[in-house]
Amino acid sequence: MVVITLQRNKCIGCNYCVELAPQQFQMSKKDGKSVLLKSIDKKGFFTLKSNDDLIFDACNNAAKACPVHIISVKQR
């Protein structure tokens with residue numbers, strides 16, 4: 001299982017996550033910030049739990065590329 005967390009309110013809209021993991025992230029047209037697709041919001045932390053282990057590498061690369069370090073990726 002892969003667990004991805006995004007602190008959306010701290011997003012600066014650099015678009016790296018979308019470029020590296022377009023199946024999980026997209027940019028909002030409303031405010032220019034990243035959106036973690038199919039995630040659940042809990043107090044500004046958007047979390048996606050997926051059984052698809054194939055998304056780990058792309059999401060992990062997105063987390064490493066994020067200049068404000070607001071993406072967390074864990075594999076269980």
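All of the points below concern the structure found in this document. (Residues numbered from 1 in each chain as written. Predicted model: local features only at pLDDT ≥ 70, side-chain atom pairs only at ≥ 80, totals over all residues. Heavy atoms only, no water.)

## Here's the deal with the side chain of Ser28
Our working definition: Helix numbers and strand numbers start at the N terminus; a helix is a DSSP run of H or I with at least 4 residues, a strand a run of E with at least 2. We call two residues contacting when some pair of their heavy atoms lies within 4.5 Å.
Inspection of the secondary structure assignment puts Ser28 in the loop between β2 (25-27) and β3 (34-36). Once residues lying within four places of it in the same chain are set aside, the contact partners of Ser28 are Arg8, Lys33 and Val35.

## Observations regarding the nonpolar core
What counts is decided by this rule: What we call a nonpolar core is a set of buried Ala, Val, Leu, Ile, Met, Phe, Trp, Tyr and Cys residues that are connected through their side-chain atoms within 4.5 Å. Any residue under 20% of the maximum accessible area for its type is buried, any over 50% is exposed, and the rest in between are partly exposed; the area is computed with a 1.4 Å probe on protein chains only.
Formed by 19 residues in total, the largest nonpolar core has its most connected members in Ile4, Phe25, Cys59, Ile71 and Val73. Listed by contribution, the elements that provide at least two residues to this core are β1 (2-7), α1 (16-20), α2 (56-65) and β6 (71-75). A per-element tally of this core places α2 first, with four residues. Not counting the four nearest positions on each side in its chain, Phe25 is found in contact with Ile4, Leu6, Cys17, Val18, Ser34, Val35, Leu36, Leu37, Cys59, Ala62 and Ile71.

## Here we look at the pattern of salt bridges
This is how the line gets drawn: Any Lys or Arg side-chain nitrogen located within 4 Å of an Asp or Glu carboxyl oxygen qualifies as a salt bridge.
Tallying each qualifying case throughout the model produces one salt bridge. The partner of Arg8 in a salt bridge is Asp31, and the shortest N-O contact between them spans 2.8 Å. Here the residue Arg8 occupies a position in the loop between β1 and α1, and Asp31 occupies one in the loop between β2 and β3, the gap between them amounting to 23 residues.

## Structural notes on the sheet that holds β1
What counts here: A pair of strands is labelled paired if DSSP reports no fewer than 2 bridges between them. Note on method: axes are straight lines fitted to C-alpha atoms, helices fitted across the in-contact stretch only, with angles between N-to-C directions ranging 0 to 180 degrees.
Spatial strand order, β4-β5-β1-β6: four strands in an open sheet with antiparallel pairing. Two strands close off the open sheet at either side, each with one partner strand: β4 (40-42) and β6. This sheet shows a mean twist of 20° between the axes of neighbouring strands, independent of strand direction. Alignment of β1 against strand β5 (residues 45-50), held across six bridges, turns out to be antiparallel. Looking across to β5, one finds that Val3 is bridged to Lys49. Each of β1 and β6 is contacted by α2, which is oriented at about 145° to β6, the strand it contacts most.

## Quick look at the environment of Ala63
Take Ala63: it is sitting in helix α2. Each residue touching Ala63, except ones within four places of it in the same chain, is listed here: Ile71 and Val73.

By themselves, these figures tell us nothing about what the structure is for.
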